[in-house]
Amino acid sequence: MTVPTLSERTPGGGTRTTDRPALLAQLLRRKPITQMVTEAESHTGGPRLVRSFGVLQLTMISVGATLGTGILVILGESVPLAGPAVWISFAIAGVAALLSAVSYAEMAGLVPVAGSSYSYTYATMGEGMAWICGWCLVLEYAVSVAAVAVGAGQYVNEALTVFGAVLPDAVSQPPGAGGVVNVPALVIVVLATILLVRGAKESAWINTSIVVVKVVILLFFCAVAFTAFDAGNFDPLLPMGAAGVSAAASRVFFSYIGFDAASTAGEEARNPRRDLPRAILLSMLIVTTIYVLVAVAAVGARPWGWFEGTEAALVKILEEITGQPWVALVFAVGAVLAIASIVLTVLYGQTRILLSMSRDGLVPRVFSRISGRTGTPAAGTLLVGTAVALTAGLVPLGALADATSIGTLFAFALVNVAVIYLRRSRAELKRTFRVPLFPLTPILGAAMCVYLMLNLGAATWAVFAIWMLVGVAAYFGYGRRHSRVAALTEEEYGRASGPSSNPANSAPYKAETP
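Cut-off values and rules
- Think of each chain on its own: its residues are numbered from 1, step by step along the sequence as written.
- Local features in a predicted model are, by the rule used here, given only for residues with pLDDT of at least 70; side-chain atom pairs are given and counted only at 80 or more, and totals for whole chains, interfaces and linings are based on all residues.
- Calculation of side-chain values draws on the structure's entire complement of heavy atoms; hydrogens and water are dropped beforehand.
- Numbered from the N terminus, helices here are DSSP runs of H or I no shorter than four residues, and strands are runs of E no shorter than two.
- Burial here depends on accessible area, computed with a 1.4 Å probe over protein chains only, as a share of the maximum for the residue type. Under 20% is buried, over 50% is exposed, and the range in between is partly exposed.
- What makes two residues a contact is simply this: any of their non-hydrogen atoms within 4.5 Å.
- Computed with a 1.4 Å probe, the accessible areas rest on the Shrake-Rupley method; for each residue, only the protein chains presented here act as cover.
- Note on geometry: axes are C-alpha line fits, over the in-contact stretch for helices, and angles between N-to-C directions span 0 to 180 degrees.
- Should an angle fall under 35 degrees it is called roughly parallel, over 145 degrees roughly antiparallel, and 65 to 115 degrees roughly perpendicular, with every other angle called oblique.
- Polar here means any residue other than Ala, Val, Leu, Ile, Met, Phe, Trp, Tyr, Cys and Pro, which are nonpolar, and Asp, Glu, Lys and Arg, which are charged; Gly is therefore polar.
- To estimate the expected span of a helix, subtract one from its residue number and multiply by 1.5 Å.
- The term salt bridge refers to a pairing of a side-chain nitrogen on Lys or Arg with a carboxyl oxygen on Asp or Glu at a separation within 4 Å.
- Here, nonpolar core means buried Ala, Val, Leu, Ile, Met, Phe, Trp, Tyr and Cys residues that are tied together by side-chain atoms lying within 4.5 Å of each other.
- Stacked, edge-to-face and tilted are the three classes for Phe, Tyr and Trp ring pairs, Trp counted by its six-membered ring, which pair at centre distances within 6.5 Å; planes under 30 degrees apart are stacked, over 60 edge-to-face, the rest tilted.
- Whether a charge sits over a ring comes down to the Lys NZ or Arg CZ being within 6 Å of the ring centre and within 35 degrees of the ring normal.
- pLDDT is a per-residue confidence score from the predictor, ranging from 0 to 100.

1. Considering the overall build of the protein chain
Counting its secondary structure elements, the protein chain contains 21 helices and zero strands. Classification of the 514 residues of the protein chain by burial places 57% in the buried group. Relative to all contacts within the protein chain whose residues are 6 or more apart in sequence, the contacts with residues 24 or more apart total 83%. Carbon and sulfur atoms form 67% of the exposed surface of the protein chain, whose accessible area is close to 19,500 Å².

If you want it as structure tokens, here you go:
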């Protein structure tokens, strides 16, 4: 069967116009999975993304976006809530994140394209919910990159302190915190942007190297902390009760956000249907294991009451045990690398989300232009990188950074619902990974996301509401008029939506020759 493309051109170069469906019909019109895979492979005859990632690179993208500065600071905030049982809180949060991760794994194998949860939602719930999901992802990725990068100035100063130097606040702090421009944050985002423009393969290998360094630094902490291990620090295990463990689990859950970045690499994986599910689940196993190990080592080295009001708890534990100033240098460098890898991987995911939305006509076409020389969306990457760099260097984020969490949780919930929908409506599709204990697992995953969203503060909900209103205006001002799915005639849409073509039964993808 020949699947009609969504971007047929007239001889004059314009997009072929048809009568658009009514608003409600357009909002509910789903993009066929077959169409997504066809477009990913052909990219309308122009340059396309290069398939160069194996399971290692995909796993490191997920770990790089997840394992970051959070573990370096969040432990000191969580131990007072849970006591010595904080390691149980990390395990509970890991299980909660895994509930959504397995749904991502099934969808990534079924819809191996660059759009992540945006594309999954488009295939199951229609254009309206897909736009909302994509708009949430724009907030999640862009703001989280800027928020993480803002911390670069602090850790650069900690590293320089060992050598008796320090950057003035004017160039190391954001406005509102005594600074004028956060130069380290701006520089890190600019460097990541340049690297992503040059090529995804090179970026992935650099990210892999940085992730290895991060893991080694955390394992180094565990090795040192275990030399001062005292089993008595775990008695009593639950001084704050089960409620304290639950409260800490809600707080540390956000240390797991980021595994969805791997699913944005669907069009650059050599064998996405096999490797994407493996990478997502393997990254969750690695991150959860490291978090629990670090928590046990930290509490074993110091009584849980010691953590109250302690900032940078891991660094202070090492300094007290070793008495060596170079420890601060090691961890400061490690924190800067953690920031760099998060910026690199999350900025990568942001550009791929916008690429998919642009391909569907919902955002300007510039974001889906693939460079024939580098095989990357170079123009879109430059635009996104410039906006994020200016945000990180000049804008005080404040409560806006908290909106990252609500956007992420909303996207996670939609992916869980998408799994349930496709199991019911397209049971014939071949799946390389299937969510275990269906439908209980995706139901619990969606419920957990909704529960955590409801626990977020009123200021976060206010920011989220404002962002959604801006999104509605953007959709009606641009997306509704340029949607390529809506431009299909009923006959074309019916052919593309038919079950006669099953993309999941096609042969495995082969690596592109550069």
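2. Remarks on the packing of helix H10 (residues 183-198) against helix H16 (residues 378-394)
Relative orientation of the contacting elements H10 and H16 amounts to 175°, with a least axis distance of 8 Å. Judged by the angle between their axes, H10 and H16 are roughly antiparallel. Mapping the contact onto sequence places Ala-185, Leu-186, Val-189, Val-190, Thr-193, Leu-196 and Val-197 in H10 and Ala-378, Thr-381, Leu-382, Gly-385, Val-388, Ala-389 and Ala-392 in H16. Residue composition of the contact of H10 with H16, grouped by class: eleven nonpolar, three polar and no charged.

3. Considering helix H12 (residues 241-252)
Compared with the 16 Å implied by 1.5 Å per residue over twelve residues, the 17 Å span of H12 between its first and last C-alpha is a close match. Taken together, the buried positions of H12 are Gly-244, Val-245, Ala-248, Ala-249, Ser-250 and Val-252.

4. Considerations on the pattern of salt bridges
All told, the structure shown has nine salt bridges when counted by the stated rule. The closest approach of N and O atoms between Glu-490 and Arg-29, which form a salt bridge, is 3.0 Å. Here Arg-29 lies in the loop between helix H1 (23-28) and helix H2 (33-42) and Glu-490 lies in helix H21 (residues 490-497), a separation of 461 residues in the sequence. By relative accessible area, Glu-490 is classed as exposed at 58%. The partner of Lys-31 in a salt bridge is Asp-360, with the nearest N and O atoms 2.3 Å apart. Of the two residues, Lys-31 is situated in the loop between H1 and H2 and Asp-360 in the loop between helix H15 (326-359) and H16; the sequence distance between them amounts to 329 residues. Overall, Asp-360 belongs to the buried group, its relative accessible area being 3%. One salt-bridge network, in which partners are shared between bridges, spans Glu-106, Arg-423 and Arg-431.

5. Re the nonpolar core
If you look at soluble globular proteins, the nonpolar side chains tend to sit buried side by side. Judged by nonpolar contacts, the single largest core of 142 residues is most densely connected at Leu-75, Phe-90, Phe-221 and Leu-314. Dropping the residues within four chain positions of it, Leu-314 is found in contact with Ile-71, Leu-72, Leu-75, Leu-218, Phe-221, Val-294, Ala-298 and Phe-331.

6. Describing the side chain of Thr-374
Position of Thr-374 among the secondary structure elements: in the loop between H15 and H16. Residue class for Thr-374 comes out buried when judged on its relative accessible area of 13%. Not counting the four nearest positions on each side in its chain, Thr-374 is found in contact with Val-197, Arg-198 and Gly-199.

7. A few points about the packing of aromatic side chains
Given two aromatic rings, their pairing is described by the distance between the two centres and the angle made by the two planes. Scanning all chains against the criterion turns up 19 aromatic pairs. Judged by centre distance (6.3 Å) and plane angle (55°), the ring pair of Phe-410 and Phe-464 falls under tilted. Here Phe-410 is found in helix H17 (residues 403-425), whereas its partner Phe-464 is found in helix H19 (residues 458-482), with 54 residues between them in sequence. By relative accessible area, Phe-464 is classed as buried at 8%. Taken together, the ring pairs connect Trp-131, Trp-135, Trp-467, Tyr-475 and Phe-476 into an aromatic cluster. When the ring centre of Phe-438 is taken as reference, the NZ or CZ atom of Arg-423 above it lies at 4.3 Å.

8. A word on the confidence of the model for the protein chain
When pLDDT is averaged along the protein chain, the result is 84, and 89% of the positions lie at 70 or above. When pLDDT is averaged over each helix and strand of the protein chain, the minimum, 76, is found for H2 and the maximum, 93, for helix H13 (residues 272-301). Here residues 1-17 scores under 50 on pLDDT; set against residues more than four positions off or in separate chains, the count is 37 contacts.

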